[in-house]
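# Structural overview
Residues per chain are reported as follows:
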Amino acid sequence: MALNPAELIGKYRDFELNLNSYGRRFGFDIIYQDAKNFTGWYQHDGMDRVELTDGKLSMKTLNLNAFYVFNSRRFSYPAAF
């Protein structure tokens, strides 16, 4: 479990949920992210600089990973990370 202190004072609106299980033969990761705190600027082909204010851009992602290991004694999925 993790908590960003900026969320307690209302300055952080992103959300992330991670579920994972790693075993000797089976394992999985399920990761959902909802990010809304993008700010900055961009400029394209000589156009004027365009400001990107907070809340104009959001990103939602869902990542699913699963594995089955045939030779469970010589493999560690978490060790790869």
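If you're wondering where the values come from, they're calculated on a predicted model, not measured in any experiment.

### Some thoughts on the overall build of the protein chain
Within the protein chain, the regular secondary structure consists of 1 helix and 5 strands. The secondary structure elements of the protein chain, listed N-terminal to C-terminal, are α-β-β-β-β-β. A separation of at least 24 residues holds for 42% of the contacts in the protein chain among residues at least 6 apart in sequence. For the protein chain, the accessible surface area stands at approximately 7,100 Å², while carbon and sulfur atoms represent 56% of it.

### So, the confidence of the model for the protein chain
For the protein chain, the average pLDDT comes to 81, and 83% of its residues sit at 70 or higher. The weakest mean pLDDT in the protein chain belongs to helix α1 (residues 5-8) at 72; the strongest belongs to strand β5 (residues 59-68) at 93.

### Concerning the sheet that holds β5
Pairing within the open sheet is antiparallel, and its 3 strands lie in the order β1-β2-β5. Of all the strands in the sheet, just β1 (15-22) and β5 have a single pairing partner and so form its edges. With strand direction ignored, the average angle separating the axes of adjacent strands in the sheet is 5°. Summarising the sheet, β1 and strand β2 (residues 26-35) pair through 8 bridges and their orientation is antiparallel. Bridged to F15 within β2 is D34.

### What to know about a nonpolar patch on the surface
A surface patch of nonpolar side chains, amounting to about 660 Å² of accessible area, comprises F15, L17, L19, F28, I30, L62 and L64. Elements represented by at least two residues in the nonpolar patch include exactly β1, β2 and β5. When residues of the nonpolar patch are assigned to their parent elements, the largest contribution, 3 residues, is made by β1.

### A closer look at the packing of aromatic side chains
Counted according to the given criterion, the structure contains 2 aromatic pairs. A ring pair is formed by F15 and Y32, whose centres lie 6.2 Å apart and whose planes are at 55°; its orientation type is tilted. Remark: Y32 occurs in strand β2 and F15 occurs in strand β1; sequence separation between them is 17 residues. What makes F15 partly exposed here is its relative accessible area of 46%. The exposure class assigned to Y32 is partly exposed, which follows from its relative accessible area of 28%. Where F26 meets Y68, the ring centres are 5.0 Å apart and the plane angle is 45°; that geometry is what we call tilted. Of this pair, F26 sits in strand β2 while Y68 sits in strand β5, and the two are 42 residues apart along the sequence.

### Here we look at the side chain of D34
Residue placement: D34 occurs in strand β2. Of the polar contacts made by the side chain of D34, one reaches the side chain of K36; its length is 2.9 Å. Not counting chain neighbours up to four residues away, the residues in contact with D34 comprise R13, D14, F15, M59 and K60.

About the thresholds
Residues numbered from 1 in each chain as written. Predicted model: local features only at pLDDT ≥ 70, side-chain atom pairs only at ≥ 80, totals over all residues. Heavy atoms only, no water. Helix = DSSP H or I, 4+ residues; strand = E, 2+ residues; numbered from the N terminus. Contact = heavy atoms within 4.5 Å. Areas by Shrake-Rupley, 256 points an atom, 1.4 Å probe, with all protein chains shown as cover. pLDDT = per-residue confidence, 0-100. Pairing = 2+ DSSP bridges. Axes fitted to C-alpha atoms, helices over the stretch in contact; angles between N-to-C directions. Patch = residues over 30% accessible without salt bridge, like charges linked within 9 Å, V, L, I, M, F, W, Y side chains within 5 Å. Salt bridge = Lys/Arg side-chain N within 4 Å of Asp/Glu carboxyl O. Phe/Tyr/Trp six-rings, centres within 6.5 Å; stacked < 30°, edge-to-face > 60°. Buried < 20%, exposed > 50% of the residue type's maximum accessible area, 1.4 Å probe, protein only. Polar contact = N/O pair within 3.5 Å; in protein donor to acceptor, adjacent residues only side chain to side chain.

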